[in-house]
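Working through the structure, step by step
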4 protein chains.
Amino acid sequence: MPRWKFKLHEVIYEADTPAGRFFDIAILVVIIISVALVMMESVSELLMKYAWQFYIAEWIITAIFTIEYILRIIAINKPKRYIFSFYGIVDLLSTLPSYIGFIFGGANLLFAIRALRLLRIFRVLKITRYLGESRKLMLALRKSQAKILVFLFAVLIICIIAGTLMHLIEGPGSGFDNIPLSIYWCIVTLTTVGFGDIAPVTPLGRLIASVIMITGYGIIAVPTGIVSAEFSKTSEKALNNTQVCPYCNEKEHLNDAEYCHNCGNKLNE
Amino acid sequence: MPRWKFKLHEVIYEADTPAGRFFDIAILVVIIISVALVMMESVSELLMKYAWQFYIAEWIITAIFTIEYILRIIAINKPKRYIFSFYGIVDLLSTLPSYIGFIFGGANLLFAIRALRLLRIFRVLKITRYLGESRKLMLALRKSQAKILVFLFAVLIICIIAGTLMHLIEGPGSGFDNIPLSIYWCIVTLTTVGFGDIAPVTPLGRLIASVIMITGYGIIAVPTGIVSAEFSKTSEKALNNTQVCPYCNEKEHLNDAEYCHNCGNKLNE
Amino acid sequence: MPRWKFKLHEVIYEADTPAGRFFDIAILVVIIISVALVMMESVSELLMKYAWQFYIAEWIITAIFTIEYILRIIAINKPKRYIFSFYGIVDLLSTLPSYIGFIFGGANLLFAIRALRLLRIFRVLKITRYLGESRKLMLALRKSQAKILVFLFAVLIICIIAGTLMHLIEGPGSGFDNIPLSIYWCIVTLTTVGFGDIAPVTPLGRLIASVIMITGYGIIAVPTGIVSAEFSKTSEKALNNTQVCPYCNEKEHLNDAEYCHNCGNKLNE
Amino acid sequence: MPRWKFKLHEVIYEADTPAGRFFDIAILVVIIISVALVMMESVSELLMKYAWQFYIAEWIITAIFTIEYILRIIAINKPKRYIFSFYGIVDLLSTLPSYIGFIFGGANLLFAIRALRLLRIFRVLKITRYLGESRKLMLALRKSQAKILVFLFAVLIICIIAGTLMHLIEGPGSGFDNIPLSIYWCIVTLTTVGFGDIAPVTPLGRLIASVIMITGYGIIAVPTGIVSAEFSKTSEKALNNTQVCPYCNEKEHLNDAEYCHNCGNKLNE
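Residues numbered from 1 in each chain as written. Chains lettered and ligands numbered in written order. Predicted model: local features only at pLDDT ≥ 70, side-chain atom pairs only at ≥ 80, totals over all residues. Heavy atoms only, no water.

Looking at an unreviewed UniProt entry, one finds chain A named Ion transporter and attributed to Christiangramia oceanisediminis. UniProt annotates chain A under Subcellular location (unreviewed entry) with the comment "Membrane". (UniProt positions renumbered as here; feature names shortened; annotations may be inferred.)

To continue, consider the overall build of chain A. Assigned secondary structure in chain A consists of 12 helices and zero strands. Within chain A, the proportion of its 269 residues that are buried is 47%. Of the contacts formed within chain A by residues at least 6 apart in sequence, a portion of 51% connects residues at least 24 apart. As displayed, chain A has an accessible area near 13,400 Å², and 69% of this comes from carbon and sulfur atoms. (Helix = DSSP H or I, 4+ residues; strand = E, 2+ residues; numbered from the N terminus. Buried < 20%, exposed > 50% of the residue type's maximum accessible area, 1.4 Å probe, protein only. Contact = heavy atoms within 4.5 Å. Areas by Shrake-Rupley, 256 points an atom, 1.4 Å probe, with all protein chains shown as cover.)

In this structure, Trp185 of chain A, Trp185 of chain B, Trp185 of chain C together with Trp185 of chain D are the most contacted members of the largest nonpolar core, which totals 201 residues. Excluding its chain neighbours within four sequence positions, the residues that come into contact with tryptophan 185 of chain D are Phe195 of chain A together with Met166, Phe176, Ile198, Ala199, Pro200, Ala209 and Ile212 of chain D. (Core = buried A, V, L, I, M, F, W, Y, C linked by side-chain atoms within 4.5 Å.)

Counting residues at the interface gives 46 residues for chain A and 44 residues for chain D. Surface buried jointly by chain A and chain D totals about 3,600 Å² across both partners, of which 78% is contributed by carbon and sulfur atoms. By the criterion of area lost to chain D, the three top residues of chain A are Met39, Tyr184 and Phe195 of chain A, representing 16% of everything that side buries. Applying the counting criterion to the chain A and chain D interface returns zero salt bridges. Secondary-structure elements contributing two or more residues to the side of chain A that touches chain D are helix H2 (18–41), helix H7 (107–114), helix H8 (121–128), helix H9 (132–170), helix H10 (179–190), helix H11 (203–219) and helix H12 (221–236) of chain A. Residue composition of the side of chain A that touches chain D, grouped by class: 31 nonpolar, 11 polar and four charged. (Buried area = accessible area lost by both parts, 1.4 Å probe. Salt bridge = Lys/Arg side-chain N within 4 Å of Asp/Glu carboxyl O. Nonpolar A, V, L, I, M, F, W, Y, C, P; charged D, E, K, R; others polar.)

What follows concerns the packing of helix H1 (residues 3–13) of chain B against helix H4 (residues 51–75) of chain B. All names here are of chain B. Packing of H1 against H4 leaves a shortest axis separation of 9 Å and a crossing angle of 125 degrees. Judged by the angle between their axes, H1 and H4 are oblique. Handedness of the H1/H4 crossing: left-handed. Where H1 approaches H4, its residues Trp4, Lys5, Leu8, His9, Ile12 and Tyr13 are matched on the opposing element by Leu71, Arg72, Ile74 and Ala75. When its residues are assigned to classes, the contact of H1 with H4 shows seven nonpolar, one polar and two charged. (Axes fitted to C-alpha atoms, helices over the stretch in contact; angles between N-to-C directions. Parallel < 35°, antiparallel > 145°, perpendicular 65-115°, else oblique. Left-handed = near helix turned anticlockwise from the far one by under 90°.)

This paragraph deals with the UniProt feature "transmembrane region" (unreviewed entry) in chain A. All names here are of chain A. The feature "transmembrane region" (unreviewed entry), as annotated in UniProt, sits at residues 21–40, 52–71, 148–169, 181–200 and 207–227 in this numbering. Helix makes up 50% of residues 181–200 and strand 0%, whereas the separation of the span's terminal C-alpha atoms amounts to 13 Å. With 95% helix and 0% strand, residues 207–227 has its two end C-alpha atoms placed 32 Å apart.

For the rest of this paragraph, the subject is the pattern of salt bridges. Residues and elements named next belong to chain A. Under the counting rule described, the total for this entry stands at eight salt bridges over all chains. A salt bridge links arginine 72 to glutamate 68; its shortest N-O distance comes to 2.7 Å. Of this pair, arginine 72 and glutamate 68 are both found in helix H4 (residues 51–75), four residues apart, which corresponds to roughly one turn of the helix. Both residues of the pair, arginine 72 and glutamate 68, belong to the buried class. Residues joined by salt bridges that share partners form a network here, namely Glu68, Arg72 and Asp91.

In structure tokens form, the structure reads like this:
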């Protein structure tokens, strides 16, 4: 590996050197600009007024992304590992649309594929992953993942049963046309969103809606309780010391432990 | 009890053997398909287009459920214990509709009773009950049940009083036609759902609505606080054993401790 | 105080004897029936259909409440203490309406004053106060009361500033006619109720609305955090032992304390 | 610094003397009245009816604020420090509008600048800052600030991706006209506000909306968990001191402990 390649790798793939950090932030800014452009292009008034400017900005960003993509392939020893990685595919998908649009044309389709560029936003997440706070958050969330999934599964079953019930009671008259729609309404209600495009009109339907709402209001406590307990544990440190028994390698000790609770030998001699 | 019956019992009622686990999962899949079918049949466009396919799928599922029901009766020593259990009745109720529909006809009524098949979804819950996470969730919920019921009771009383007040202030003009309806609106508002089909229009009504909303926003903390505290306790249980060191009387030990962390002597001899 | 009066006092004012508990529950049932009656009377269709039955039920309940009121005055040694207590006034206010209505007539006014009977529902709260769970809830709420009030005050200030801003941006065109109305909308939005009767239509208004919503979604954590911490403390008991230093009367000791942390003497000799 | 100036400073800038506290409360009352006036003036019916009274009240308050502003400049040794402080600028901005309005006229603009007076409300916050509860709240919030910002950033990215998706699926037909609008809708939905002015109508759009709602319902647990854990820590601080017994090295002591609870020796000699 030649020295320039090693340097390039350090700048592009790492963030420990000033140059590496500058590269990361520069790419971040370009991504945010490109995302903002896609958003603004979707506003038809803006698109009509500034069609020409959008066109140029489009190609500048495509050029930057293309150069970045090529540099990333050059800078790595085994390019295949990058090309077929998640971020490699995202980078390619967010660069191609402009070229495809240029070759095949077609304004509507063009826009849909250009929105793929938004996938780049995941790279922002990748950078923020370096932040300690975000790592703690992810840890607490991952630990409570299983419990939250079981909870959401229970919520779904409640919605299926309540949705069917509402469909039978309210009927197609007041918007509860079929069971999937009624389940959709149940989710809207249980999560306390409440759009109001569909709302019960019969007394019995309203009674059941009340029960669903109070249920939703009550069980919102469950995911909160799960995550709270997890955060408390993470921050509590009652067991977060680095004592390791020199005899049996047991790692979990109370903070004031003097003897290993597993083999009975002294911990710190 | 003959050997084949013992084997059958093991497969159908238990989930420790590979065969038993396979049977459970297979039934689970059939239940989910049957639930999806009931849902899709309720969409009138789909029902018209695929009437014939629905009819066949209906009878296949009915056949599977009938066979399962018969097998469950055969496989158990005291069939009555199964037949009159909660799941026995649910199984029967979810099998009968198709037969009743076949004999008596009547499309609308037919659908309503076919929805009974959704009750089968409880069997899914029964299976998930094996998951440790779900058991912990239920435990924490059951422990905080009494507190949550008292809380919901207080919420109901607030809604009754506030509903009556809103009915007197807003009157029938803006949708608060009678007290039950006003109470329904109060529940919609306090639980922060807010459909918007009924909304206050007088200044005084809006002032009281604001108070209700802020109350709802504030007291949502109560069930959450209850469940959080319960979860914290449950997860702190790692230290909640009754082991006491017979030598130094130290009481705080990790659940899997074998030696006292204070004096190094064996805990349970 | 004669013996019959003593007995009567025990039945009416206390709940330790079977007779006393029966009296409490009986009154509770009558209150719930009377509340249900007031609710149903407000539904004009029901009132027209069952006018005669409502009239009779009305007078039966009035009679029961009148007898109870007289008994309560007789059974107590110092009647004034009851008559001018909160529950004494509520009892009188919930008995009078029927008599007033009988003497002066006037259907509309009649109903409004009859709704005063709902105040009786507070007596239900009084009975539930005996429940231990409810007592714990009230304790945790009372302890976090000051923090929650400060929080709600901050919420109100946010709503006043954001409401004024929205009024200036959106203007009377889209429903933000004046500042109080805009503040009402802010409260509806911040508490995540979201009726939808008023909604921003300008891009800037929607941007600020987004900020308000995310603020509301984020700061709902504050009251929850307050109450959760309070519940955890109440249930934690890390300091909830009953050790009292025999030398200096200090009451707060760690659970594993052997010497008083205040005077240095041994705790349990 | 002459004696009268010292006294004036004590009254105006401090709140330890009865006079100082009275001055603070008096200004607080005037601010609340002026805020209420601005609110009421925005209601056009009230403005038309009481135009004359509003005009007088306006000038009385302006006079009080002007006098207060002059006194504050006189009472301080280095007036520049007050004039260019946050509250100095707020005080000036909330006094000027009436004078500007008097000189230049223009009813509509006049109102907009008069609303600047609402900035005075921050002074109320300054006074409440003396309250211990509010200080604890701010402390817990500031500590969890970083985590909450990371969380809100993640929420924003979810909304950008989901909003683009909804725009592509629902299209301009049902209100999802452009990406910024769709993102606005996503924020409305994820925060469980749910106005209902825009709502999905296609089955796929409703499916994704359901996922967004359940996500919002589930992740509301995250900020709550963060703040709860912080509050718990803050209230657990009773044990978070760095006292170590010089005799037995015991580290866990109550904050006001003077003797070691483990060996009974004095802690800080």
